[in-house]
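Observations on the three-dimensional arrangement
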Amino acid sequence: MPTTASPAHPPTDVAASDSTLRGFLHGLPGVDAVGLEARAASLGTRSVKTTAKAYAIDLAISMVDLTTLEGADTPGKVRALGAKAVRPDPTDRTTPATAAVCVYPDMVAPAKEAVAGSSVKVASVATAFPAGRAALAVKLADVRDAVAAGADEIDMVIDRGAFLAGHYLKVYDEITAVKEACGTSARLKVIFETGELSTYDNIRRASWLGMLAGADFIKTSTGKVAVNATPANTLLMLEAVRDFRAQTGVQVGVKPAGGIRTTKDAIKFLVLVNETVGEDWLDNHWFRFGASSLLNDLLMQRQKLATGRYSGPDYVTVD
Amino acid sequence: MASAFEYAPAPESRSVVDIAPSYGLFIDGEFVEAADGKVFKTVSPATEEVLSEIAQAGEADVDRAVRAARKAFEKWSALPGAERAKYLFRIARIIQERSRELAVLETLDNGKPIKETRDADLPLVAAHFFYYAGWADKLDHAGFGANPRPLGVAGQVIPWNFPLLMLAWKIAPALATGNTVVLKPAETTPLSALFFADICRQAGLPKGVVNILPGYGDAGAALVEHPDVDKVAFTGSTAVGKAIARQVAGTDKKVTLELGGKGANIVFDDAPIDQAVEGIVTGIFFNQGQVCCAGSRLLVQESIQDELLDSLKRRLSTLRLGDPLDKNTDIGAINSAEQLSRITTLVEAGEAEGAERWSPACELPSSGYWFAPTLFTNVTQAHTIARDEIFGPVLSVLSFRTPDEAVAKANNSQYGLSAGIWTEKGSRILAVAGKLRAGVIWSNTFNKFDPTSPFGGYKESGFGREGGRHGLEAYLDV
């Protein structure tokens, strides 16, 4: 369903120079913060109950990128995480597996082993995560390491400093270089760290910049700053992928990450997906949750629906 | 609607509201039969189910109520403002406490979605009472001179689109300023006003200060004509407003009229498109478009017309129409069979005159009064649907090329109640707003209300202001 008016179909030479790229990104329609947040809040009042809730919980579980990004991560912890991703609830084998486990590059190998033979992917945060403050060569080496160890997905952070300074082409070039380093085997998720981009206009521009440069997914944040995924910034990114597909025919995934801890929150995000981009994005190839503690709440709610009773944190596994 | 994720029905419980099989008129603190014993039925527009049987006020009842209000006026107007404020605060708090019950009641009687009664109507109703309670002891400082006096008995006639909210807009400032009230709710939506009567009793409001007379137009006319009514306040159609103006001409009654509208919602090419689409939806599909200040004329800059219409149509396809008590319903029922036929007639006129009609794929319930969200393109200023108020979920889309043309088209209407401007450019908002002849102008939003903000019209949209400090003036001898 391509639209006919501005912003124009991105010209192939949109990245010819910093100024053409800037011209394009700044020509995107603005974002009214009050209206955006009001829309996100009003979708948050959708009442999701019974059969719809059961569906939403299973869908959300299947969309989780089960994440551990700690300095203290060990191969043992990563193996435990992988086992949990494959079989989130050992007491109920009908529980779907999560989409992926997400680890640092040096943990890709044990993660791969832990999920071997399952549908669970291994995602790795490369490119000097979370600050992204390293030379491009270092970032690319980080990516190649992760890919070589078998990562199915690379979560890269953009250089927020360059973006905020208006050096869009530098950001663009980094993304295209990382995309190339991913080769054909790994999908690329581009993390904007929306909390540091500060304005909604910047988030929309970053979304388009990431998509123009070849991102397979756009992702809100690292989970390492004060403001991470919010309903409003996720709604905005959903609008961006919707518009991008309308103009280019290319579909890009969305991943809110950080701060989504409860089933109630997760369902609100699914409502946003449902009513903004619809069923084309309602599976884990196109939508993910970056989260570590969300899964257990989803499992407890799932048990509640199945048994009519709340169990408690001792009835789901830690890591 | 995406088929992968269908929300299960989420109906609000009807058991929170207890509707009696019959109700009387509320006169002098008591529920009484009509003098001539007449009754009428009120139905739920979503199901056509009869909700209750209501006493129908006639001329004799109007006289009884006005006399009760006159008697109560002496004591009520003599109370210190702070005392009147206590009653108003009490009413506001009871409304908050009973808001769920009142929201369900309003949805049953009016047909609008529970989402709107719960999230818009009831919070605003309480806010209006709180706001005017705050003014009751500060009238000397409201800018109308020292010790402004109340007018006396206010005869108030309200419409069916926001039954309880319009009641609040009328009663809260009247009581705060020391007037007493006889209010006639619309014949299709009398229930929430009768529940309000009960709230007055619960709050211990002195007898006769508020009187509620459900009934038809003849009761309204009798109220307006009653010689002992000092102030007439009316919200409703322009035709009835004109009749009222003729009725009171030559008397010393003070009058405020809030009448029809044909609001222009102007979208410039640099607008925040996604939010503008939301604003257009809020502007015309809020309360099924049965809103006098609805943004029923969309004026869109030609250069973004196609893109905006694509977005708008996609958005309309996600609107959920159906059971108003379902918490996920966006579009409820049309208030009455009569109103539905009025909308249908005007929409047929639109088609006959050559405008292009579009609605999303949308299944209408088999009973009740329903109209699918409707969009008309290829509309010109000469079309009936660009001029007449439709008062339903029907949007007429026109285009413009320059800001001057937008202003000229927006102002080219017999109405002047509301307008909206969508642009990222602040200076354009100010420049255009200054040239629009409308009582309320929203920028980058639409249909937002607040008790502190005055509301009223230009031209055939009426005169006088409700809300805010200005709203006090209509009930004071200044």
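Side note on the overall build of chain A
When its secondary structure is counted, chain A shows 13 helices and eight strands. Here the C-alpha radius of gyration of chain A, 19 Å, is about what a compact globule of 319 residues would show, namely 20 Å. Each of the 319 residues in chain A was classed as buried or not, and the buried ones make up 58%. When contacts within chain A are restricted to residue pairs at least 6 apart in sequence, long-range pairs at least 24 apart make up 75% of them.

Some remarks on the packing of aromatic side chains
Scanning the entire structure with this criterion turns up 24 aromatic pairs over all chains. For the ring pair Trp442(B) and Phe446(B), a centre distance of 4.7 Å and an interplane angle of 45 degrees mean the geometry is tilted. Both residues of the pair, Trp442(B) and Phe446(B), count as buried. Taken together through their ring pairs, the aromatic side chains of Trp169(B), Trp442(B), Phe446(B), Phe449(B) and Phe455(B) make up a single cluster. Lying over the aromatic face of Phe217(A), Lys189(A) brings its terminal NZ or CZ to 5.9 Å of the ring centre.

With respect to the side chain of Ser207(A)
Residues and elements named next belong to chain A. Examined against the element boundaries, Ser207 turns out to sit in helix α10 (residues 200–212). Relative accessible area serves as the criterion here: at 0%, Ser207 is assigned to the buried category. If we ignore the near neighbours within four places in the chain, the residues touching Ser207 are Phe192, Ile218, Met237 and Ala240.

Focus on the interface of chain A and chain B
With 36 residues of chain A at the interface, the matching set in chain B holds 32 residues. In total, chain A and chain B occlude about 2700 Å² of area from one another, counting both sides; carbon and sulfur atoms represent 49% of this. On the surface where chain A and chain B come into contact, there are four salt bridges. Between Arg204(A) and Asp274(B) there is a salt bridge, with the nearest N and O atoms lying 2.5 Å from each other. Inspection of the region where chain A meets chain B yields 10 residue pairs in polar contact (both at pLDDT 80 or more). Among the secondary structure elements, those contributing two or more residues to the side of chain A that touches chain B are α2 (33–43), α3 (50–62), α10, α11 (231–248) and α12 (263–276) of chain A. Top element by residues in the side of chain A that touches chain B is α3(A). It accounts for five residues.

Some remarks on the sheet that holds strand β4 (residues 153–157) of chain A
Backbone-to-backbone hydrogen bonds pair the strands of a sheet. The strands run either parallel or antiparallel. All names here are of chain A. What the eight strands build is an open sheet, ordered β7-β6-β5-β4-β3-β2-β1-β8; its pairing is parallel. Among the strands making up the open sheet, the edge pair consists of β7 (253–255) and β8 (289–291). Put simply, the sheet's adjacent strands are angled 25 degrees from each other on average, direction ignored. Looking at chain direction, strand β5 (residues 187–191) and strand β6 (residues 217–219) are connected through three bridges and run parallel. By the bridge assignment for β6, Lys189 is matched with Phe217.

Digging into α12(A)
Three or four residues apart is the spacing at which side chains of an α-helix point the same way, because the helix has 3.6 residues per turn. Residue and element names in this part refer to chain A. End to end, α12 covers 20 Å across 14 residues, agreeing with the expected 20 Å (1.5 Å per residue, within 8%). Across the 14 residues of α12, 11 count as buried, placing the element largely inside the fold. For α12, every residue scored as buried is listed here: Thr263, Ala266, Ile267, Phe269, Leu270, Val271, Leu272, Val273, Asn274, Glu275 and Thr276. Taken from the residues just after α12, Gly278 is the one with a positive phi, measuring 80 degrees.

Some remarks on the nonpolar core
With 110 residues, the main nonpolar core has Ile95(B), Phe129(B), Leu167(B), Phe196(B), Val267(B) and Leu312(B) as its most contacted residues. Excluding residues within four positions of it along the chain, Phe129(B) makes contact with Leu88(B), Ile91(B), Ala92(B), Ile95(B), Leu167(B), Ala168(B), Ile171(B), Ala172(B) and Phe196(B). Membership of the second largest hydrophobic core comes to 101 residues, among which are Ala40(A), Met237(A), Trp286(A) and Leu299(A).

Re empty space enclosed by the protein
All names here are of chain B. Applying the stated criterion to the full structure yields four cavities of 30 Å³ or more. Lining the second largest cavity are 16 residues; nearest its centre among them are Arg297, Ala410, Ser418, Arg437 and Ala438. Listing elements by their share of the lining of the second largest cavity, those giving two or more residues are α13 (403–411), β17 (415–416) and β18 (418–422).

Looking at the state of the cysteines
For the structure on display, the rule yields zero disulfides over all chains. The structure places no disulfide on Cys293(B), whose sulfur is separated from the nearest cysteine sulfur, that of Cys292(B), by 4.9 Å.

Structural notes on the confidence of the model for chain A
Close inspection of predicted coordinates is inappropriate in any region flagged by low pLDDT. Scored by pLDDT, chain A has a mean of 94; 97% of the residues are at 70 or more. Contacts of residues 1–8 of chain A to residues separated by more than four positions or lying in other chains number 20 contacts, the stretch itself having pLDDT below 50.

Quick word on the sheet that holds strand β12 (residues 264–267) of chain B
All names here are of chain B. Read across the open sheet, the seven strands follow the order β14-β15-β16-β13-β12-β18-β19; overall the sheet is mixed. Every other strand in the sheet has two partners, leaving β14 (356–358) and β19 (440–443) as the edge strands with one partner each. Neighbour to neighbour, the strand axes of the sheet diverge by 20 degrees on average, direction disregarded. Two strands pair when backbone bridges link them, and β14 and strand β15 (residues 374–377) are joined in this way by three bridges, in the antiparallel orientation. Looking across to β15, one finds that Arg357 is bridged to Phe376. Against the sheet, helix α14 (residues 426–435) touches β12, β18 and β19, its axis set at about 160 degrees to β18.

Definitions and cut-offs
Residues numbered from 1 in each chain as written. Chains lettered and ligands numbered in written order. Predicted model: local features only at pLDDT ≥ 70, side-chain atom pairs only at ≥ 80, totals over all residues. Heavy atoms only, no water. Helix = DSSP H or I, 4+ residues; strand = E, 2+ residues; numbered from the N terminus. Rg over C-alpha atoms; globule rule 2.2 N^0.38 Å. Buried < 20%, exposed > 50% of the residue type's maximum accessible area, 1.4 Å probe, protein only. Contact = heavy atoms within 4.5 Å. Phe/Tyr/Trp six-rings, centres within 6.5 Å; stacked < 30°, edge-to-face > 60°. Lys NZ or Arg CZ within 6 Å of the ring centre and 35° of its normal. Buried area = accessible area lost by both parts, 1.4 Å probe. Salt bridge = Lys/Arg side-chain N within 4 Å of Asp/Glu carboxyl O. Polar contact = N/O pair within 3.5 Å; in protein donor to acceptor, adjacent residues only side chain to side chain. Pairing = 2+ DSSP bridges. Axes fitted to C-alpha atoms, helices over the stretch in contact; angles between N-to-C directions. Expected span 1.5 Å × (residues − 1). Core = buried A, V, L, I, M, F, W, Y, C linked by side-chain atoms within 4.5 Å. 1 Å grid on protein atoms, 1.4 Å probe; cavity = no way out; pocket = protein on both sides within 12 Å on 5 of 7 lines; lining within 4 Å. Points joined across faces, edges and corners; volume = space filled by probe spheres on them. Disulfide = S-S within 2.5 Å. pLDDT = per-residue confidence, 0-100.

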